[in-house]
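# A structural walkthrough
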Amino acid sequence: MADRGRPRSFDRTAALGRAMEVFWTKGYEGASLSDLTTAMGINSPSLYAAFGSKEALFLEATDHYNKVVGTEIWQAIESAPTARAAMAGFLGATVDAYSRTDCPQGCLIALSALHRDSTSGAICTDLRRRRAANVDALRGRFLRSVAVGDLPAGFDCEAAALFYATAQHGMSIIARDGASREELAAVADCAMAAFQPLVEKARAKGDRHA
């Protein structure tokens, strides 16, 4: 028997994509059940039948987001021949993604919920895990460059990963506040200007210990 209230033409993936955009625009707390059901083209019983709860819907929507949005940002890190090129590609792709006008500005993972006191603990925990995974991806790229000699042995992979992740999160915030593409690109340029000093600091540290 079909779930009561669910349209016969119900497309779960399409509905999930529309829910993702609501959460992306309004955040977890700001997205009301009415906002979600209207965007998804279903009623409340159908939402609960298909996804279980608003919390479960959000967690599934963030999985969907990671699969379909901004994948080029992380592809740039993997495909670049050097760490410097990887960071330039990472930031450049971020500028492109955050300045698009056909979707909400900024990053759902960075903006949709931060504080456990006002949001479900499961939501905050999941988003923190995803943000930490992004830092891990950046750290891993730097570590690979150290291993092959592209970066000096003393390069602080942890600090650099945190720095570039933080720069990207800041770009997400100002993009949501209406920053232009030129302003986002200026932030990316400043972040890239810090790259060579980080390398030189590592080399100087190595020379002192030689």
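Residues numbered from 1 in each chain as written. Predicted model: local features only at pLDDT ≥ 70, side-chain atom pairs only at ≥ 80, totals over all residues. Heavy atoms only, no water.

### Description of the overall build of the chain
Here is the rule we go by: Strands here mean DSSP runs of E at least two residues long; helices mean DSSP runs of H or I at least four residues long; both are numbered from the N terminus. Accessible area is worked out with a 1.4 Å probe on protein chains only. A residue is then buried under 20% of its type maximum, exposed over 50%, and partly exposed in between. Between two residues, a contact is recorded if the distance between any of their heavy atoms is within 4.5 Å. For the accessible areas, the method is Shrake-Rupley and the probe is 1.4 Å, while residue cover comes only from the protein chains on display. Under the convention used here, Asp and Glu are negative, Lys and Arg are positive, and both His and the chain ends fall outside the count. To locate a charge, take NZ of a lysine, CZ of an arginine, CG of an aspartate or CD of a glutamate.
Within the chain, the regular secondary structure consists of eleven helices and zero strands. Taken from N to C terminus, the helices and strands of the chain fall in the order α-α-α-α-α-α-α-α-α-α-α. Buried residues in the chain amount to 41% of all 210 residues. For the chain, long-range pairs separated by at least 24 residues make up 68% of all intrachain contacts whose partners lie at least 6 apart in sequence. Total accessible area computed for the chain in this model is approximately 10800 Å², and 54% of it derives from carbon and sulfur atoms. Of the charged side chains in the chain, 24 are positive and 24 negative; the average position of the first set lies 4 Å away from that of the second.

### Considerations on the domain arrangement of the chain
Interface size, as often reported, equals the accessible area lost upon joining of the parts. The condition is simple: Just so you know, the domain bounds were taken from an automatic or database domain assignment. Note on terms: buried area is the combined drop in 1.4 Å-probe accessible area of two parts once they are placed together, counting the loss on both. A pair is scored as a salt bridge if a Lys or Arg side-chain nitrogen falls within 4 Å of a carboxyl oxygen belonging to Asp or Glu. Any pair of N or O atoms that falls within 3.5 Å is considered a polar contact. Within protein, one atom must be able to donate a hydrogen and the other to accept it, and sequence-neighbouring residues count only if both atoms are side-chain atoms. In this classification, Asp, Glu, Lys and Arg are treated as charged, Ala, Val, Leu, Ile, Met, Phe, Trp, Tyr, Cys and Pro as nonpolar, and every other residue, Gly included, as polar.
Examined at the domain level, the chain breaks down into domain 1 (12-62) and domain 2 (69-207). Computed over C-alpha atoms only, the centres of domain 1 and domain 2 are separated by 28 Å. Tallying the contact residues gives twelve residues for domain 1 and 19 residues for domain 2. With both chains or domains summed, domain 1 and domain 2 bury close to 1300 Å², and 67% of this area falls on carbon and sulfur atoms. At the boundary of domain 1 and domain 2, one finds zero salt bridges. In this assembly, domain 1 and domain 2 are joined by five residue pairs in polar contact (both at pLDDT 80 or more). The set of elements that each furnish at least two residues to the side of domain 1 that touches domain 2 consists of helix 1 (12-30) and helix 4 (54-68). It is helix 1 that contributes the most residues to the side of domain 1 that touches domain 2, eight residues altogether. Along the lines of polarity and charge, the residues of the side of domain 1 that touches domain 2 split into six nonpolar, three polar and three charged.

### Section: the UniProt feature "DNA-binding region" (unreviewed entry) in the chain
Selection rule: UniProt positions are given in the numbering used here, feature names are shortened, and annotations may be inferred rather than shown by experiment.
What UniProt calls "DNA-binding region" (unreviewed entry) maps, in this numbering, to residues 32-51. Helix makes up 80% of residues 32-51 and strand makes up 0%, while its end C-alpha atoms are separated by 15 Å.

### Looking at the environment of Arg139
Tracing the sequence through the fold places Arg139 in helix 8 (residues 121-147). Judged by its relative accessible area of 22%, Arg139 falls in the partly exposed class.

### Points about the packing of aromatic side chains
Aromatic rings in a pair are described by how distant their centres are and how their planes are angled relative to each other. Short version of the rule: Side-chain rings of Phe, Tyr and Trp (the six-membered ring for Trp) are treated as a pair once their centres are within 6.5 Å; stacked means planes under 30 degrees apart, edge-to-face means over 60, and tilted covers the remaining angles.
The tally for this structure, following the rule as stated, stands at nine aromatic pairs. Aromatic side chains Trp24 and Tyr65 sit 5.1 Å apart centroid to centroid with 85 degrees between the ring planes, which places their arrangement in the edge-to-face category. Note that Trp24 is positioned in helix 1 and Tyr65 in helix 4, a separation of 41 residues in sequence. For Trp24, a relative accessible area of 5% corresponds to the buried category. Take Tyr65: its relative accessible area is 5%, and that puts it in the buried class. Judged by centre distance (5.2 Å) and plane angle (75 degrees), the ring pair of Tyr28 and Phe58 falls under edge-to-face. With Tyr28 in helix 1 and Phe58 in helix 4, this residue pair connects regions lying 30 residues apart in the sequence. On the basis of relative accessibility, which here comes to 0%, the residue Phe58 falls in the buried class.

### Considering the pattern of salt bridges
Scanning all chains against the criterion turns up eleven salt bridges. Residues Glu78 and Arg144 are paired through a salt bridge, measuring 3.2 Å at the closest nitrogen-oxygen approach. A residue pair is termed long-range when its members are at least 10 positions apart, and Glu78 in helix 5 (residues 71-79) and Arg144 in helix 8 qualify at 66 residues. Note on Glu78: relative accessible area 53%, which makes it exposed. Through salt bridges with shared partners, a single ionic network connects Asp63, Asp126, Arg129 and Arg130.

### What about the packing of helix 6 (residues 83-98) against helix 9 (residues 157-176)?
Filter applied, for reference: To obtain an axis, a line is fitted to C-alpha atoms, over the contacting stretch when the element is a helix, and the angle between two such axes runs from 0 to 180 degrees between their N-to-C directions. Angles are sorted into four bins: roughly parallel if under 35 degrees, roughly antiparallel if over 145, roughly perpendicular if 65 to 115, and oblique for all others. Note on convention: near helix rotated counterclockwise from far helix by under a right angle means a left-handed crossing. Clockwise means right-handed.
At their nearest, the axes of helix 6 and helix 9 sit 10 Å apart, and the two run at 15 degrees to each other. Classed by the angle they form, the pair helix 6 and helix 9 counts as roughly parallel. Our pair here, helix 6 against helix 9, has a crossing hand that is right-handed. Every residue of helix 9 that contacts helix 6 at Met87, Phe90, Leu91, Thr94, Val95 and Tyr98 is listed here: Tyr164, Gln168, Met171, Ser172 and Ala175. Classifying every residue of the contact of helix 6 with helix 9 by side-chain character gives eight nonpolar, three polar and no charged.

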